[in-house]
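Spelled out from the first residue to the last, the chains are:
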Amino acid sequence: MARVAGVSQATVSLVLGDKWRGRVSERTVAVVRAAAGELDYRPNLAARSLRLGATRTALLVVPALTHEYFARVYAGAAKVADEHGFGVVLYPSPAGIGPARDPFGSARTAIDGVIASSMAADALAAFGDGGLPLVMLDSNPGVPGGPPTVNLAVADGMRQVTRHLLALGHRRIAHIAADVDTWTFRVRTDAVAAELAAAGAPAAQRYASALNVAAARDAAVRALSAPGPRPTALLCDDDILAAGACKGARALGLRVPDDVSVSGFDDLSLATALDPELTTVRLPAESIGEHGMAALLALLAGRPAPPVELPLTLLPRASTAPALA
C-alpha cells in the first residue's frame, strides 16, 4: 500500500490507525485511503491489537435484545465503528434491566471503551472501577463530572405528543407510564405534567406499567375503568405500552380512536402493524448509536466529546382523533 500511495509505511500506519491529525496532510490522507480502496485493504484487527496493545473493540451495554430500538442503536454504532476499524460487542443484561456478569472475566483487558444505555446502568457494576472510557446514552447530561452523553430530546418529544392531543380537544388524558426508574422515563413524566399545566389542562393520572403488552393492557383497563369521567386519550411512554393500551380499550368494548385516542413513543415497526396505525414519536435510534460510537472514538483519541441531543419527530396517525366529550 505504501508503494501504491508513494508514501512511507509509517505514514500508512498513521492514516490507517487514525492518528494522522497534525502529522500528515489531508491530501496525503486522501491518497493513502484511495490506495487502500484500490487494494481492497481490510485491517487485521487481531494483529493490530497485539502490536498496539489495544483490542479496537467497544462494548455496547443494553438492557435486552428483544427491543427493536436497541437493535437499531447497535446498527448505528457498528457502522461508525467499522469505518474506523473497530468492532462492537453487544452486552445485554439477561434480566432485561439490572446487573449482569462480566462476560470477559476482565473487561479491562478485552475492550477499549463502553457505550451504555441508562436503562442498563446497573450492568456497568460488572466492570468495576476499571477506568474504561464511557459514553452514556439517554442519561442525565447535568451530572457534574459525569461521562459524555448522547441523548434524545425526549422532553420535547413528549411535549409534541401532549400538544397534539390537546389540539384535538383532549383534556382527560391518562399517562400509561413505564415502570422503570431511569432518567429518560422521569423526563417523560415531567414533560407531560409541565405541558398540561402550561395549557391549563387537568393533570394526567399516571398508571405505571412494566414494559410489556400484557401489563400495559391491565394499566389501560385500570385507567379506563377508574371512577369519574373516563379518559378520552391514553398517552403512552412506548409503542409496546400503546399496543397494550389498545388491547385494554378493546377489552372494555371501546373503539380506538372513536372512543379513546392512543399515542405511543418510539415508532417501532409495531406502530404501523397495528390497526389503526399508531400516532407516535420517531426516535433516530441509528443516529444515537452513530453519535455514541463517535463520542467514544473521540475519548479514545484524547479529544473532547461534548453532549449531544437529537431531535424527535411527531408522526400523527389514525390512533388519535378529536375528543368527542
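So, here's what we can say about the structure.

Some remarks on the overall build of the chain
- Within the chain one finds twelve helices and twelve strands.
- Burial status across the chain gives 50% buried among its 325 residues.
- The contacts of the chain with a sequence gap of at least 6 include a subset with a gap of at least 24, amounting to 71%.
- As displayed, the chain offers around 14,900 Å² of accessible surface, 54% of which is attributable to carbon and sulfur atoms.

With respect to the sheet that holds strand β7 (residues 205–209)
- Overall, parallel pairing links the four strands, which are arranged β7-β6-β8-β9 in an open sheet. The open sheet is flanked by β7 and β9 (261–263), the only strands paired with a single partner. With strand direction ignored, the average angle separating the axes of adjacent strands in the sheet is 20 degrees.

Points about helix α9 (residues 213–225)
- In this model α9 runs 18 Å from its N-terminal to its C-terminal C-alpha over 13 residues, within 8% of the 18 Å that 1.5 Å per residue would give.
- Buried within α9 are the following residues: Ala-216, Ala-219, Ala-220, Ala-223 and Leu-224. On an axial view of α9, the arc spanned by its buried residues comes to 125 degrees, and they lie on one face.
- Residues of α9 that are buried sit in contact with β6 (173–178), β7, β8 (233–236) and α10 (239–251).
- Its side-chain oxygen 3.2 Å from the backbone nitrogen of Ala-214, Asn-212 forms the N-cap of α9.

Some words on the nonpolar core
- Among the nonpolar cores identified, the biggest contains 73 residues, and Tyr-69, Leu-152, Ile-176, Leu-234, Val-262, Ile-288 and Met-293 are the most heavily contacted of them.
- In contact with Tyr-69, other than residues within four places in its own chain, are Asp-138, Leu-152, Leu-268, Leu-283, Ala-285 and Ile-288.

Examining the sheet that holds strand β1 (residues 57–62)
- One open sheet holds the six strands; their spatial order is β2-β1-β3-β4-β5-β11, and the pairing between them is parallel. Looking at the sheet topology across the chains shown, the edges are occupied by β2 (87–92) and β11 (308–310). Each adjacent strand pair in this sheet contributes to an overall mean axis angle of 20 degrees, direction not counted.
- Sheet topology note: the strand β4 (residues 134–137)/strand β5 (residues 149–152) ladder contains two bridges and is parallel. Bridge pairing in β5 places Met-136 opposite Thr-149.
- Against the sheet, helix α5 (residues 68–83) contacts β1, β2, β3 (113–117), β4 and β5, and its axis sits at roughly 160 degrees relative to β2.

Observations regarding the pattern of salt bridges
- Applying the stated rule across the entire model yields ten salt bridges.
- Measuring nitrogen to oxygen at the nearest pair gives 3.5 Å for the salt bridge that ties Arg-72 to Glu-68. On the criterion of helical spacing, the pair formed by Arg-72 and Glu-68 is a turn pair, its members being four residues apart in helix α5.
- In this structure Glu-68 comes out as partly exposed when scored by relative accessible area, which is 28%.
- A salt bridge links Asp-267 to Arg-282; the nearest nitrogen and oxygen atoms lie 2.8 Å apart. With a gap of 15 residues between them, Asp-267 in the loop between β9 and α11 (270–273) and Arg-282 in strand β10 (residues 280–282) connect regions that are remote in the sequence.
- Exposure remark for Asp-267: the relative accessible area of 12% places this residue in the buried category.
- The exposure class of Arg-282 is partly exposed, given its relative accessible area of 41%.

Considering the packing of α5 against helix α12 (residues 285–300)
- Their axes nearest at 6 Å, the elements α5 and α12 cross at an angle of 45 degrees. One finds that α5 runs oblique with respect to α12. Taken as a pair, α5 and α12 cross one another with a handedness that is right-handed. Listed contacts from α12 to Tyr-69, Arg-72, Val-73, Gly-76, Ala-77, Lys-79, Val-80 and Ala-81 of α5 are Ala-285, Glu-286, Ile-288, Gly-289, Glu-290, Met-293, Ala-294 and Leu-297.

Focus: the packing of helix α2 (residues 9–16) against helix α3 (residues 26–38)
- For the pair α2 and α3, interaxial distance at closest approach is 10 Å and the crossing angle is 90 degrees. On the basis of the axis angle, α2 is roughly perpendicular to α3. Residues Thr-11, Val-12 and Val-15 of α2 touch α3, and the partners they reach there are Thr-28, Val-29, Val-32 and Arg-33.
- Looking at the contact of α2 with α3, its residues break down into four nonpolar, two polar and one charged.

Here we look at the environment of Ala-220
- Examined against the element boundaries, Ala-220 turns out to sit in helix α9.
- Residues within four places of Ala-220 in sequence aside, it is in contact with Ile-176, Leu-234, Ala-245 and Gly-248.

Overview of unusual backbone geometry
- Residue Pro-257 is bonded to the preceding Val-256 through a cis peptide linkage, with omega at 5 degrees.
- Structurally, Pro-257 can be placed in the loop between α10 and β9.
- In this chain, Asp-275 is followed by Pro-276 through a cis amide linkage whose omega measures 5 degrees.
- Structurally, Pro-276 can be placed in the loop between α11 and β10.
- Even without a glycine there, the phi angle at Asp-138 is positive, about 50 degrees.

Cut-offs and rules
- Residues numbered from 1 in each chain as written.
- Predicted model: local features only at pLDDT ≥ 70, side-chain atom pairs only at ≥ 80, totals over all residues.
- Heavy atoms only, no water.
- Helix = DSSP H or I, 4+ residues; strand = E, 2+ residues; numbered from the N terminus.
- Buried < 20%, exposed > 50% of the residue type's maximum accessible area, 1.4 Å probe, protein only.
- Contact = heavy atoms within 4.5 Å.
- Areas by Shrake-Rupley, 256 points an atom, 1.4 Å probe, with all protein chains shown as cover.
- Pairing = 2+ DSSP bridges.
- Axes fitted to C-alpha atoms, helices over the stretch in contact; angles between N-to-C directions.
- Expected span 1.5 Å × (residues − 1).
- Arc of directions from axis to C-beta.
- Polar contact = N/O pair within 3.5 Å; in protein donor to acceptor, adjacent residues only side chain to side chain.
- Core = buried A, V, L, I, M, F, W, Y, C linked by side-chain atoms within 4.5 Å.
- Salt bridge = Lys/Arg side-chain N within 4 Å of Asp/Glu carboxyl O.
- Parallel < 35°, antiparallel > 145°, perpendicular 65-115°, else oblique.
- Left-handed = near helix turned anticlockwise from the far one by under 90°.
- Nonpolar A, V, L, I, M, F, W, Y, C, P; charged D, E, K, R; others polar.

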